[in-house]
Amino acid sequence: YRIGQLYMISKHSHEQSERGEGVEVVQNEPYEDPEHGSGQFTEKRIYLNNKLPSWARAVVPKIFYVTEKAWNYYPYTITDFFFFCSLQCSFLPKFSIHIESKYEDNKGNNDNIFGSEPREEETEVCFVDIAYDEIPERHYKESEDLRQFKSKKTDRGNLQEGWIDTQDPIMCSYKLVTVRFEVWGLQTRVEQFVHKVIRDVLLLGHRQAFAWVDEWIDMTMEEVREYERATQEATNLKIGTFPPAISISETPLASSTRSGPNSAPTTPLSTEAPDFLSVPKERPRKKSAPETLTLPDPGRRDSLFKLPSFFSWNSSPQPE
């Protein structure tokens, strides 16, 4: 799944990008962390002004983009989002999104995967079924419907109702999402909206990772890094930016070259959720399954998403 995730993020970002809108890769290089060891750091700019809802465009200036900084120490990753615009935006310093991800070989039954310490706000747990939860209608593709898809190379699928309790191997992607928008009058609306968008992005990305399994299952890490480099360059050209210099070396940098806190690095350094704020329009959604997500209550800013997936790191023929 480590390879499948990298493949999915690159391909999905390219599909969702167009002239002036999409995901620009600024940096992609090895990173060494004192606690988590060798990993990969990526920085991306997500241009999305035209994809915001009308009420958001009314308060956000033009040339608005989001910077995504991610530290990938698979099976643990950290992702932060920073917001920029062409004019001074007094509310942006009060808007933050932080995502921690962990992957385990289980069905989503580890309730303390991120620790049992008390949090500032109560956490809403959202269990996401990649096969039977509904997705925004405009994203539905029959070829990616996991109730109908069957892998030719792995013989996995079709996923029948109740598959989470019967399939083996299986793993779960845990996402702890913290959203803060401390602006009076907009806080609840924005925080709930962002949690909903993130849930849809996670659902779509994990569906695609499984539906594209025959495309990446035979790849080595070197091959998927080369695919990532070539796709990122093509995507940057597609949205009208110059391709950056991207390092794809697997040799980790010395810790003295890149330093940061043990858990979530905060020093700005210059990769499934790339279309992160690809905003669903208000329209009827395809009724493929009952909605299982309960949006956070007003004032609640944390969501824990659990996405069981029909994968395993330890099971053949999954490559590492």
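Here is what the cut-offs are and how they apply
Residues numbered from 1 in each chain as written. Predicted model: local features only at pLDDT ≥ 70, side-chain atom pairs only at ≥ 80, totals over all residues. Heavy atoms only, no water. pLDDT = per-residue confidence, 0-100. Helix = DSSP H or I, 4+ residues; strand = E, 2+ residues; numbered from the N terminus. Contact = heavy atoms within 4.5 Å. Core = buried A, V, L, I, M, F, W, Y, C linked by side-chain atoms within 4.5 Å. Buried < 20%, exposed > 50% of the residue type's maximum accessible area, 1.4 Å probe, protein only. Phe/Tyr/Trp six-rings, centres within 6.5 Å; stacked < 30°, edge-to-face > 60°. Expected span 1.5 Å × (residues − 1). Axes fitted to C-alpha atoms, helices over the stretch in contact; angles between N-to-C directions. Parallel < 35°, antiparallel > 145°, perpendicular 65-115°, else oblique. Left-handed = near helix turned anticlockwise from the far one by under 90°.

Caption draft 1: Geometry of the confidence of the model for the chain. Overall, the predicted model of the chain reaches an average pLDDT of 74, with 66% of residues at or above 70. By mean pLDDT, the top-scoring element of the chain is helix α5 (residues 213-216) (96), and the lowest-scoring one is helix α2 (residues 54-57) (57). A low-confidence stretch, residues 311-320 stays under pLDDT 50, and its non-local contacts, those more than four residues away or across chains, total 37 contacts.

Caption draft 2: Inspection of the nonpolar core at higher detail. Counting residues in hydrophobic clusters, the biggest one holds 28 residues, and the most contacted among them are L146, W163, W216 and V224. Those elements that place two or more of their residues in this core are α1 (2-16), α3 (163-166), α4 (187-211), α5 and α6 (221-238). Here this core takes 5 residues from α1, the largest share from any one element. Setting aside residues up to four positions removed in sequence, L146 forms contacts with I130, A131, N158, L159, R207, F210 and A211. By size, the runner-up hydrophobic cluster in this structure holds 25 residues, among which are V23, I135, V179 and L307.

Caption draft 3: Region of interest: the packing of aromatic side chains. Scanning the model with the defined rule gives 7 aromatic pairs in all. Relative to Y73, the ring of Y31 lies with its centre 6.3 Å away and its plane at 50 degrees, an arrangement referred to as tilted. Of the two residues, Y31 is situated in strand β1 (residues 22-33) and Y73 in strand β3 (residues 65-73); the sequence distance between them amounts to 42 residues. Geometrically, the ring pair formed by F41 and W71 is tilted, given 5.4 Å between the ring centres and 50 degrees between the ring planes. Placement of the pair is F41 in strand β2 (residues 37-47) and W71 in strand β3, with a sequence separation of 30 residues.

Caption draft 4: Representation of α4. Helix length check: α4, at 25 residues, gives a terminal C-alpha distance of 36 Å against a target of 36 Å (1.5 Å per residue), a fit within 8%. Within α4, 20 of the 25 residues are buried, which leaves the element mostly enclosed by the surrounding structure.

Caption draft 5: Broad picture of the packing of α1 against α6. Where α1 contacts α6, the two axes come as close as 9 Å, and the packing angle between them is 15 degrees. The angle between α1 and α6 falls in the class roughly parallel. The element α1 and its partner α6 pack so that their crossing is left-handed. Here R2, I3, L6, Y7, S10, K11, S13, H14 and E15 of α1 lie close against α6, whose contacting residues are M221, V224, R225, Y227, E228, T231, A234, T235 and K238.

Caption draft 6: Molecular detail of the environment of A211. Turning to its location among the elements, A211 is positioned in helix α4. For A211, a relative accessible area of 10% translates into the label buried.

Caption draft 7: Structural context of α1. With 15 residues, α1 should reach 21 Å at 1.5 Å per residue; the first-to-last C-alpha distance of 21 Å fits that figure. Of all 15 residues in α1, 11 are buried; the element is thus mostly enclosed. Residues of α1 that are buried: I3, G4, Q5, L6, Y7, M8, I9, S10, K11, H12 and S13.

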